[in-house]
Amino acid sequence: MRDNSFLESVGRYFDAAAPHTGLPEGLLSQIKICNSVYQIYFPVKINGEVQVIEAYRAQHSHHRSPTKGGIRYSNHVNQEEVVALATLMSYKCAIVDVPFGGAKGGVRINPWEYTEEDLEKITRRYTTELIRRKFIGPAIDVPAPDYGTGPREMAWIYDTYRSFHPDDINAAGCVTGKPVSQNGVRGRTEATGRGVFYGIREACNQPDLMDRLGLNLGIKGKTMVVQGLGNVGSHTATISQDEGGVVIIGVSEVEGAIYNPDGFDIHDVIRHRAEHGSILTYPGAKAFGKEERRAVMEFECDILVPAALENQIDEHNAGNVKAKIVAEAANGPVTASGAAILAELGVVVLPDIYLNAGGVTVSYFEWLKNLSHMRFGRLQKRFDEQNYQRIVEQIETTTGRAISDRDRQMIIHGADEIDLVRSGLEETMITGFQGIYELYKEKEGIKDLRTAAFALAISKISNDYISLGIWP
Ligand code: GLU
């Protein structure tokens, strides 16, 4: 069976998990359906010519407020895609206990074909349309970056919202992923990739799972292939190499893919691409040109990380996947038909609705920072440092030995914002994995981690509906 669309694939994942929740049909239908979609066409003058731009914002579920999710700029944007992505956001937030409903926005443009000035015009006009329909606000719906957008676009959105709401003291909470200088939070840019790393590391720390795959316990020394070196892919790769001791042996980008079973330094590859405009000329690696770049999915490795767009592993290429673990850093990279084939091959898939939830988790921290109007760590950092200093002094007096300056600096360091954000993200990803893994092991009939993740998300959302008194 093949999937006609991304949305259909998400629907199939939902339907596979729903029977394991024991919830009534009506409640399940409410949790599955997308509550509202706003479709907009607006004119923008580009090079003296008026262009009509097609855009969307979908709010999948209002069981919690505000709704939350990124805004994508791509010429593949369409209503079904936005709805599918908004749906995944609801389940993602539920799994990592981020108290938002799911949403997603999309503007149907190729952002790389426009100048910065044009993009600013389009972004500000899109934001104005959202404001007009009350589809944005710190208590209503809070966008963030997604494919084709980043901190720059979020700053424009914030500025536009603020000028329409000069008396809203919480205006900064209308969007997340802002630059740190514009009320953003430290660690948001790396957050999705860092979360992907924590998630993979947690999976690799499960003895029964590693046994089943015939892999050693722990992430260190595992080989990894990354599809896409955008924000998510590049941070996943660099952090996995630097902090996890992973060996990166393959990567792909729009121009093609490279593979070297002995591994390469990912920082060096990224630097090479920035200097030469392509990864294909990277020395010592086997290169696959643009037309063959999908070969990246078939490279021999322990962990394959699709970190670009949806529908990358389907019924046509799933059978050729040689990785033991597929780590879904992107949203929807494996279709339901592709997933069925991977399951037959015994490949473990770490599902997107858990694995890439680090982005929205740190967005939640940013939103909290904006509502509290204070940087994390501001209250306790010095207090903690003075306490640690006293402890060090006590140890020195009792033992009669001086602690080296280097060790002293390390021990007395009080947490900065970045330390707290990373610690909160790590805790979230570990707890999230445990919730899914326990359900997977305990519930007979649940055969894979994605079904467990969907079942967990559906149950959590149903608790909200029930406690809201909407359901008896
Ligand atoms: N676009 C990201 C995602 O798909 C982040 C969403 C957010 O931070 O709200 O999860």
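An account of the accompanying structure is given in this report. (Residues numbered from 1 in each chain as written. Predicted model: local features only at pLDDT ≥ 70, side-chain atom pairs only at ≥ 80, totals over all residues. Heavy atoms only, no water.)

Secondary structure assignment for the protein yields 16 helices and 13 strands. Over its C-alpha atoms the protein spans a radius of gyration of 23 Å, differing by no more than 12% from the 23 Å that the globule rule assigns to 472 residues. Reported as C-alpha extents along the three principal axes, the dimensions of the protein are approximately 75 × 60 × 55 Å. By the burial criterion, 57% of the 472 residues in the protein qualify as buried. At a minimum sequence separation of 6, the contacts of the protein that also span at least 24 residues come to 68%. Accessible surface computed for the protein: about 20400 Å², of which carbon and sulfur atoms make up 50%. Between the averaged position of the 50 positive side-chain charges in the protein and that of its 61 negative side-chain charges there is a distance of 3 Å. (Helix = DSSP H or I, 4+ residues; strand = E, 2+ residues; numbered from the N terminus. Rg over C-alpha atoms; globule rule 2.2 N^0.38 Å. Buried < 20%, exposed > 50% of the residue type's maximum accessible area, 1.4 Å probe, protein only. Contact = heavy atoms within 4.5 Å. Areas by Shrake-Rupley, 256 points an atom, 1.4 Å probe, with all protein chains shown as cover. Lys, Arg positive; Asp, Glu negative; His and termini not counted. Charge placed at Lys NZ, Arg CZ, Asp CG, Glu CD.)

A full pass over the atoms with the stated rule returns 16 aromatic pairs. With centroids separated by 5.2 Å and ring planes inclined at 40°, the aromatic side chains of Y38 and F135 adopt a geometry described as tilted. Of this pair, Y38 sits in strand β1 (residues 36-46) while F135 sits in the loop between α4 (116-132) and β6 (141-142), placing them 97 residues apart in sequence. On the basis of relative accessible area, Y38 is assigned to the buried category, the value being 12%. When its relative accessible area of 12% is taken as the criterion, F135 is described as buried. (Phe/Tyr/Trp six-rings, centres within 6.5 Å; stacked < 30°, edge-to-face > 60°.)

Right, let's get into empty space enclosed by the protein. This structure, assessed with the given rule, holds 1 cavity of 30 Å³ or more. Estimates place the volume of the largest cavity at around 50 Å³. Lining the largest cavity, in full, are F6, S9, V10, Y13, L88, N311, G332, V334, T335, D352 and R450. Split by residue class, the lining of the largest cavity holds 5 nonpolar, 4 polar and 2 charged. (1 Å grid on protein atoms, 1.4 Å probe; cavity = no way out; pocket = protein on both sides within 12 Å on 5 of 7 lines; lining within 4 Å. Points joined across faces, edges and corners; volume = space filled by probe spheres on them. Nonpolar A, V, L, I, M, F, W, Y, C, P; charged D, E, K, R; others polar.)

Okay, the side chain of R201 next. With respect to the element layout, R201 can be found in helix α6 (residues 191-204). Within polar-contact distance, the side chain of R201 engages the side chain of E426 at 2.8 Å. (Polar contact = N/O pair within 3.5 Å; in protein donor to acceptor, adjacent residues only side chain to side chain.)

What follows covers the site of the ligand. Close contacts around the ligand come from 14 residues, with K68, K92, P145, D146 and S363 the closest. For the ligand, an oxygen atom lies 3.1 Å from a polar atom in the side chain of N331. Relative to its free-state accessible area of 290 Å², the ligand is covered by the protein chains to the extent of 95%. Those elements giving two or more residues to the shell around the ligand turn out to be α3 (79-95) and α12 (358-372). Of the residues forming the shell around the ligand, the biggest block, 3 residues, is contributed by α12. The residue makeup of the shell around the ligand, split by class, is 4 nonpolar, 5 polar and 5 charged. (Near = heavy atom within 4 Å.)

Looking now at the nonpolar core. Judged by nonpolar contacts, the single largest core of 108 residues is most densely connected at I200, V251 and L350. With 10 residues, the top contributor of residues to this core is helix α16 (residues 449-467). Here I200 is in contact with I219, M224, I303, V305, A327, L350 and L355, once residues within four sequence places are set aside. The next biggest cluster of nonpolar side chains, apart from the first, holds 28 residues, and it includes Y38, I46, Y73 and L119. (Core = buried A, V, L, I, M, F, W, Y, C linked by side-chain atoms within 4.5 Å.)

So, about helix α9 (residues 266-276). Buried within α9 we find I266, V269 and H272. In an axial view of α9, the angular spread of the buried residues amounts to 115°, which keeps them on one side of the axis. The outward face of α9, more than 90 degrees from its buried face, is lined by the exposed residues A274 and E275. Buried residues in α9 make contact with α8 (231-244), β8 (247-253) and β9 (256-259). (Arc of directions from axis to C-beta.)

This next bit is on the layout of surface pockets. Reported here for the second largest pocket is a volume of approximately 440 Å³. Along the walls of the second largest pocket sit 21 residues, with A339, A343, K447, D448 and T451 positioned nearest its centre. When contributions to the lining of the second largest pocket are tallied by element, the ones reaching two or more residues are α1 (6-17), α7 (207-213), α10 (336-345), β13 (348-350) and α16. Considered class by class, the residues forming the lining of the second largest pocket number 13 nonpolar, 3 polar and 5 charged.

Time to look at the environment of V225. Tracing the chain through its elements places V225 in strand β7 (residues 223-227). When the C-alpha atoms of V225 and V305 are compared, they prove to be 6.0 Å apart, with 80 residues separating the residues in sequence. Filtering out sequence-adjacent residues up to four positions away, V225 remains in contact with I249, G250, V296, F299, C301, I303, L304 and V305.

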